[in-house]
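Each chain is listed here by its residues.
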Amino acid sequence: QVQLVEAGGGLVQPGGSLRLSCAASGSIFSVYAMGWYRQAPGKQRELVALKSSDGSTKYADSMKGRFTISRDNAKNAVHLQMNSLKPEDTAVYYCNLNGKLGWAYAPRDYWGQGTQVTVSS
C-alpha cells in the first residue's frame, strides 16, 4: 500500500507564507503525478497544484503567482510553497499521488490525511 504523510500546516497571518511537504512510502511501481488539493468547510475539494512526472505543472487560477509546487522524484516527495496567503486560502490541504503498484495494476489516486492551513489575523 501507499502512505502519504503531510507536514507544514498551521496558523499564519494574511500576507504570510507556509511550506507544505508530503512524502510517499510503500511499494510504488510508477508515479504519474503528485500534487495538492484543498477543501474548505462547506465546499468541494479543489485542485491547488499538480506536477506530473513529465515535468508539466498545473495550478488553479487563484493560486498562480502565489503558490509554487516542487517535486523530488527520487524521494517521492512533493512540496508546496505558499506565499501572500489570504483568509480564503483557509482549508484542509491534501497531498495526492497518482500512480500504480505494479505493471498489471490500473493507476489510481492516493491521499494523505490532510493538514490544516488557517489564514487569520
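A brief look at the structure comes next. Just so it is clear, the model here is predicted, and its values are computed rather than measured.

Our next topic: the state of the cysteines. Tallied over the full model, the rule gives one disulfide. Disulfide pairing is shown between cysteine 22 and cysteine 95; the S-S distance is 2.0 Å. Of note, the bridge from cysteine 22 to cysteine 95 carries an S-S torsion of about -80 degrees and is left-handed in sense. Of this pair, cysteine 22 sits in strand 3 (residues 18–26) while cysteine 95 sits in strand 9 (residues 91–100), placing them 73 residues apart in sequence. Cysteine 22 gets classed as buried once you look at its relative accessible area, which sits at 2%.

Below, the discussion takes up unusual backbone geometry. Keep in mind that most residues, glycine aside, have a negative phi and that most peptide bonds are trans. Of note, asparagine 76 is a non-glycine position whose phi angle comes to about 50 degrees, a positive value. With respect to the helices, strands and loops of the structure, asparagine 76 is situated in the loop between strand 7 (67–72) and strand 8 (77–82). Positive phi, close to 50 degrees, is recorded for serine 84, a residue that is not glycine. Mapped onto the elements, serine 84 comes out in the loop between strand 8 and strand 9.

This part is about the pairing of strand 7. Taken residue by residue, a regular strand's side chains alternate between the two faces of the sheet. The side-chain alternation of strand 7 yields one buried face, formed by Phe67, Ile69 and Arg71, and one unburied face, formed by Thr68, Ser70 and Asp72. As defined by bridge partners, strand 7 adjoins strand 8 across six bridges and the pair is classed as antiparallel. If you follow serine 70 over to strand 8, its bridge partner there is histidine 79. Between the end of strand 7 and the start of strand 8, which pair antiparallel, lie four residues, with asparagine 76 showing a positive phi angle near 50 degrees.

Quick look at the packing of aromatic side chains now. Note on aromatic pairs: each is described by the distance of the centres and the angle between the planes. If you walk through the whole model with that rule in mind, you get one aromatic pair. Ring plane angle 70 degrees and centroid distance 5.1 Å describe the contact between tyrosine 37 and tryptophan 111, whose orientation is recorded as edge-to-face. Pair noted here: tyrosine 37 is in strand 4 (residues 30–39) and tryptophan 111 is in strand 10 (residues 108–111), with a separation of 74 residues, a long-range link. The residue whose ring lies beneath arginine 45 is tyrosine 94, and the NZ or CZ to ring-centre distance is 3.8 Å. Its guanidinium or amino end placed over the ring of tryptophan 111, arginine 45 lies 4.6 Å from that ring's centre, counting from NZ or CZ.

Conventions used here
Residues numbered from 1 in each chain as written. Predicted model: local features only at pLDDT ≥ 70, side-chain atom pairs only at ≥ 80, totals over all residues. Heavy atoms only, no water. Disulfide = S-S within 2.5 Å. Helix = DSSP H or I, 4+ residues; strand = E, 2+ residues; numbered from the N terminus. Buried < 20%, exposed > 50% of the residue type's maximum accessible area, 1.4 Å probe, protein only. Pairing = 2+ DSSP bridges. Phe/Tyr/Trp six-rings, centres within 6.5 Å; stacked < 30°, edge-to-face > 60°. Lys NZ or Arg CZ within 6 Å of the ring centre and 35° of its normal.

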